[in-house]
Amino acid sequence: MALDSLSRSTVPAWAKIDLQLHQPYRTWLGFGRLRCDWCGERWGRHGCHPRESAARHFLNTASAAQQEAALLAGDITAEDLRLKRRFRPSGAHRRKPSPYPVPAMRFQAAQ
Ligand SMILES: [Zn+2]
């Protein structure tokens with residue numbers, strides 16, 4: 001399906017690459033803590049930042065089928081599903097509106 005393939009390409013390549021690069025490994029011959037194989041940061045929530053960022057981007061851009069496949073493959077964990085962008089009623093961290101007016105042409109093209 002055309003729409004399906006469109007949504008498939010919305011996952012940024014860097015996010016897919018970071019998810020592959022930043023993998024956990026156990027220190028002390030498998031008895032120690034989990035650490036990131038790529039950057040050496042501790043693993044888990046708020047540990048390896050590039051990986052968390054990539055997981056968040058993946059969840060926000062991937063289709064449902066992609067997410068399911070990534071979960072099965074182990075690229076994304078159940079823990080990552082909680083990383084999804086939070087809705088803040090206060091509007092904190094919202095992107096500022098651009099100071100430049102959007103040209104009318106762009107609105108016509110979107111329709
Ligand atoms: Zn890492």
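Keep in mind that what you see is a predicted model, and the values were worked out from it rather than measured.

Turning next to the coordination of the zinc ion. Donor atoms from the polypeptide that coordinate the zinc ion comprise His22 (ND1), Cys36 (SG), Cys39 (SG) and Cys48 (SG), at 1.9 to 2.3 Å from the metal. For the zinc ion, the 4 donor atoms are set out with angles of 102 to 119° between them, so the coordination reads as tetrahedral. Between consecutive donor residues of the zinc ion, the sequence gaps follow H-x13-C-x2-C-x8-C. Residue His22 is located in the loop between helix H2 (13-21) and strand S1 (24-26), and its partner Cys48 is located in the loop between strand S2 (34-36) and helix H4 (49-61); the two are separated by 26 residues in the primary sequence. The class for His22 is buried, based on a relative accessible area of 4%. Given a relative accessible area of 4%, Cys48 falls into the buried group.

Of the residues making up helix H5 (residues 64-73), those classed as buried are Gln66, Gln67 and Ala70. Along H5, the residues classed as buried sweep out an arc of 100° about the axis, all on the same side. In H5, the exposed residues that point more than 90 degrees away from the buried face are Ala64, Ala65, Glu68 and Leu72. After H5 finishes, the residue Gly74 shows a positive phi value of roughly 90°.

Tallying each qualifying case throughout the model produces 3 salt bridges. Between Asp80 and Arg51 there is a salt bridge whose closest N-O contact spans 2.9 Å. With a gap of 29 residues between them, Asp80 in the loop between H5 and helix H6 (104-110) and Arg51 in helix H4 connect regions that are remote in the sequence. A relative accessible area of 8% means that Arg51 is categorised as buried.

Right, let's talk about a nonpolar patch on the surface for a bit. Judged by side-chain polarity, Trp28, Leu29 and Phe31 come together as a nonpolar surface patch covering roughly 550 Å² of accessible area. Structurally, Trp28 can be placed in helix H3 (residues 27-30). Looking at Trp28, the relative accessible area reads 71%, which means it is exposed.

Okay, the nonpolar core next. The biggest cluster of nonpolar side chains holds 11 residues, and these are Val11, Ala15, Leu19, Ala54, Ala55, Phe58, Leu59, Ala62, Ala70, Ile76 and Leu83. Element by element, the count of residues in this core is highest for H4, at 4 residues. Once you skip the residues sitting within four places of it in the chain, Ala62 turns out to touch Val11 and Gln67.

Once that is clear, we can look at the side chain of Asp80. According to the relative accessible area criterion, Asp80 is buried, its value standing at 6%. A polar contact of 2.9 Å, which involves the side chain of Asp80, links it to the side chain of Arg51. Engagement of the side chain of Asp80 in a polar contact is seen with the backbone nitrogen of Thr77, the distance being 2.8 Å.

Mean pLDDT over the chain works out to 79, with 79% of the residues at or above the 70 mark. Model confidence for the chain, summarised as mean pLDDT per element, is weakest for helix H1 (residues 2-8) at 51 and strongest for H2 at 91.

Here is what the cut-offs are and how they apply
Residues numbered from 1 in each chain as written. Predicted model: local features only at pLDDT ≥ 70, side-chain atom pairs only at ≥ 80, totals over all residues. Heavy atoms only, no water. Donors = N, O, S within 2.8 Å, 3.2 Å for Na, K, Ca; no water. Tetrahedral: all angles 85-135°; square planar, octahedral: opposite > 155°, others 65-115°. Helix = DSSP H or I, 4+ residues; strand = E, 2+ residues; numbered from the N terminus. Buried < 20%, exposed > 50% of the residue type's maximum accessible area, 1.4 Å probe, protein only. Arc of directions from axis to C-beta. Salt bridge = Lys/Arg side-chain N within 4 Å of Asp/Glu carboxyl O. Patch = residues over 30% accessible without salt bridge, like charges linked within 9 Å, V, L, I, M, F, W, Y side chains within 5 Å. Areas by Shrake-Rupley, 256 points an atom, 1.4 Å probe, with all protein chains shown as cover. Core = buried A, V, L, I, M, F, W, Y, C linked by side-chain atoms within 4.5 Å. Contact = heavy atoms within 4.5 Å. Polar contact = N/O pair within 3.5 Å; in protein donor to acceptor, adjacent residues only side chain to side chain. pLDDT = per-residue confidence, 0-100.

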